[in-house]
2 protein chains.
Amino acid sequence: MYSSRFLELLVEELTKLPSIGQKSAQRLALHLLRVPKEDALRLADAIRDVRERVGFCGTCGNFSEADPCALCTDPRREGGLVCVVEQPGDVLAFERTGAFRGRYHVLGGALSPLEGTSPEQLRIRELLERLRSGEVREVILATNPNVNGEATALYLSRLLTPLGVRVTRIARGVPMGSDLEYSDLVTLSRALEGRREVE
Amino acid sequence: MYSSRFLELLVEELTKLPSIGQKSAQRLALHLLRVPKEDALRLADAIRDVRERVGFCGTCGNFSEADPCALCTDPRREGGLVCVVEQPGDVLAFERTGAFRGRYHVLGGALSPLEGTSPEQLRIRELLERLRSGEVREVILATNPNVNGEATALYLSRLLTPLGVRVTRIARGVPMGSDLEYSDLVTLSRALEGRREVE
């Protein structure tokens, strides 16, 4: 039993977050009661702001409060290179690497006959629209290396290659730092298949 | 780089929470963008409410919006039994067990010569005040089983025993489900010392 109903409500809401259990939620709630009040309210405001002000970029389909978004309008990024991903989280993953200086295109999912996701439900029409401008030289297919992601990449490559744009797929192979002995068959086969000359 | 400044701010605020790293913060932020808007705003409101409405119970010192709090006024709880803990989180830990039906007293910390915490900074005067009513039969010292917690328990037992109240300390021994082979020396010695007749 909680000594405060508001504390109880906060724990309840925190428990709804992914990978936050009862104990973590209690620890977080008590933390929010302990820190300076402004710090806690800043988090509350940040949550509210993100829901009240953030929409989507009409170009890349990523979350953004501006349309087009900061990534699509950044003049230092190469407009000729478009990395196609499934979800906004994938953009963040690539941005963490700092290794990509092109633009993105968020599909909003992957083709899935099982879940009933068809090409019309993904932002493929918008991708074709972007290619129409002629600025895009290369489309990098960076959908997930699983059944749905591979199917989506194959579908897109068949759709885009005839348009005269270079279509590439991110390399799939053994992850860095891993142990070959414990690699799964599919990954190892793919790593062999995708072998390249040593430079 | 983030496509939205508000998303970036939210990730930044989430990263300040304990045991939430950059990746978890991003996952939580994207989750809050994906769920129905009301769900996200409910969390924001719960954080705001907890900071704007929750204060302290003058009796037990726990977080509460009412004074005295729900635990201190619950007639089904035994007023003669007071469990003394260091922090509000400890109350939650005991409440999770459902094994305690008495009341609590939150000290707000433990004695620590190193950190400069002296008896006057803990809610000891308030504890003495509670004992004065004569209702309390037993005080259970449930401070942490570490140097500061043990010192605090010893200090309190010397202070309270002369007042004619029963003073007990929670058992310290080998935790349930653990392996004796890997128990540390202090715990194992304490478990021997605290042995009891098999009932």
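Just so you know, these numbers come straight off a predicted model, no measurement behind them.

Q: Explain the sheet that holds strand β4 (residues 102-106) of chain B to me, using residue names and the numbers behind them.
A: Residues and elements named next belong to chain B. With parallel pairing, four strands are arranged side by side in an open sheet as β4-β3-β5-β6. Strand pairing shows two members of the sheet lacking a second neighbour, β4 and β6 (166-169), which therefore form its edges. Looking at each pair of strands side by side, their axes are set apart by 25 degrees on average, direction ignored. As paired elements, strand β3 (residues 78-85) and β4 share five bridges and run parallel to each other. Across the sheet, the residue bridging to C83 is Y104, located in β4.

Q: Describe the relation of the copies chain A and chain B, with residues and values.
A: For the match of chain A to chain B, the screw axis carries a shift of 0.0 Å, the RMSD comes to 0.1 Å, and the turn is 180 degrees. The superposition operator between the copies reduces to a two-fold rotation axis. Closest approach to the rotation axis within chain A is made by the C-alpha atom of A44 of chain A, at a distance of 2.1 Å.

Q: Can you tell me about the sheet that holds strand β4 (residues 102-106) of chain A, naming the residues and giving the values?
A: Residue and element names in this part refer to chain A. Reading across the sheet, the four strands line up as β4-β3-β5-β6 and stay open at both edges, with parallel pairing between neighbours. Taken across any chain shown, the strands that pair with only one partner, and hence form the sheet edges, are β4 and β6 (166-169). Sheet twist, expressed as the average angle between the axes of neighbouring strands with direction ignored, equals 25 degrees. Contacting β3 (78-85) and β4, helix α5 (residues 88-97) runs over the sheet at an angle of about 160 degrees to β4.

Q: Hey, could you go over helix α1 (residues 5-15) of chain B for me, with residue numbers and the actual values?
A: Three or more residues of α1 of chain B are buried, namely F6, L7, L10, V11, E13 and L14 of chain B. One side of α1 of chain B carries all its buried residues, which in axial view fall inside an arc of 165 degrees. Where α1 of chain B is buried, its residues contact α3 (37-53) of chain A together with α2 (22-34) of chain B. For α1 of chain B, the N-terminal capping position is held by S4 of chain B, with its side-chain oxygen 3.2 Å away from the main-chain nitrogen of F6 of chain B.

Rules used in this analysis
- Residues numbered from 1 in each chain as written.
- Chains lettered and ligands numbered in written order.
- Predicted model: local features only at pLDDT ≥ 70, side-chain atom pairs only at ≥ 80, totals over all residues.
- Heavy atoms only, no water.
- Pairing = 2+ DSSP bridges.
- Helix = DSSP H or I, 4+ residues; strand = E, 2+ residues; numbered from the N terminus.
- Axes fitted to C-alpha atoms, helices over the stretch in contact; angles between N-to-C directions.
- Least-squares fit on C-alpha atoms with pLDDT ≥ 70 in both.
- Contact = heavy atoms within 4.5 Å.
- Buried < 20%, exposed > 50% of the residue type's maximum accessible area, 1.4 Å probe, protein only.
- Arc of directions from axis to C-beta.
- Polar contact = N/O pair within 3.5 Å; in protein donor to acceptor, adjacent residues only side chain to side chain.

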